[in-house]
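A closer look at the structure
For reference, the chains in residue letters:
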Amino acid sequence: MEIKGLGELEKKLKQMQKGAERASGERSATDIFTDDFMLKYTKHPSIDRFFEASPFTIETNEDLENTDEKELDVYVNDVSKFTTWEEMLGKAAEEYLIKQMGL
């Protein structure tokens, strides 16, 4: 990121602050795992389709939390560019925050 002058720095900081405020709080899976993200990194067009095609019943956060992580990692590795669920979640969150902060 290249910033010239104090006014431009102040403007960029305000953009980042607004983005951080929008990004704070709890978000749904569809907020974080956008269709663009899913198309770019997985074999599925949406997070809903990703879960529907999985061998698991994942309809709530609780369902996801109760899913065997090793089995979920095998599925993620098979249908995405990631080797683990945590890696996929981390990348999705990173891209979501960058977009929200306007960077």
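Reference entry: report on the structure contained in this document. (Residues numbered from 1 in each chain as written. Predicted model: local features only at pLDDT ≥ 70, side-chain atom pairs only at ≥ 80, totals over all residues. Heavy atoms only, no water.)

Some remarks on the overall build of the protein chain
What the protein chain contains, in helices and strands, is seven helices and zero strands. A buried classification covers 29% of the 103 residues belonging to the protein chain. By element, 50% of the accessible surface of the protein chain is carried by carbon and sulfur atoms, the whole surface being about 7200 Å². (Helix = DSSP H or I, 4+ residues; strand = E, 2+ residues; numbered from the N terminus. Buried < 20%, exposed > 50% of the residue type's maximum accessible area, 1.4 Å probe, protein only. Areas by Shrake-Rupley, 256 points an atom, 1.4 Å probe, with all protein chains shown as cover.)

Focus on the packing of aromatic side chains
When we look at a pair of aromatic rings, we describe it by the centre distance and by the angle of the planes. One pass over the structure, following the stated rule, counts 10 aromatic pairs. With 5.8 Å between their ring centres and 65° between their planes, F33 and F37 make a pair best called edge-to-face. Using a relative accessible area of 3% as the deciding quantity, one classes F33 as buried. According to the relative accessible area criterion, F37 is buried, its value standing at 3%. Each ring, one from F56 and one from Y75, has its centre 6.3 Å from the other, and the planes form 85°; the classification is edge-to-face. Separated by 19 residues along the polypeptide, F56 in the loop between α4 (47-53) and α5 (61-65) and Y75 in helix α6 (residues 69-79) bring together distant segments of the chain. (Phe/Tyr/Trp six-rings, centres within 6.5 Å; stacked < 30°, edge-to-face > 60°.)

So, the pattern of salt bridges
The tally for this structure, following the rule as stated, stands at three salt bridges. Residue R49 is joined to E52 by a salt bridge in which the shortest nitrogen-to-oxygen separation is 3.4 Å. On the criterion of helical spacing, the pair formed by R49 and E52 is a turn pair, its members being three residues apart in helix α4. Two residues, K91 and E95, come together in a salt bridge whose shortest N-O distance is 3.9 Å. Of this pair, K91 and E95 both sit in helix α7 (residues 85-101), four residues apart, which is roughly one turn of the helix. Each member of the salt-bridge network shares a partner with another, and the members are K91, E94 and E95. (Salt bridge = Lys/Arg side-chain N within 4 Å of Asp/Glu carboxyl O.)

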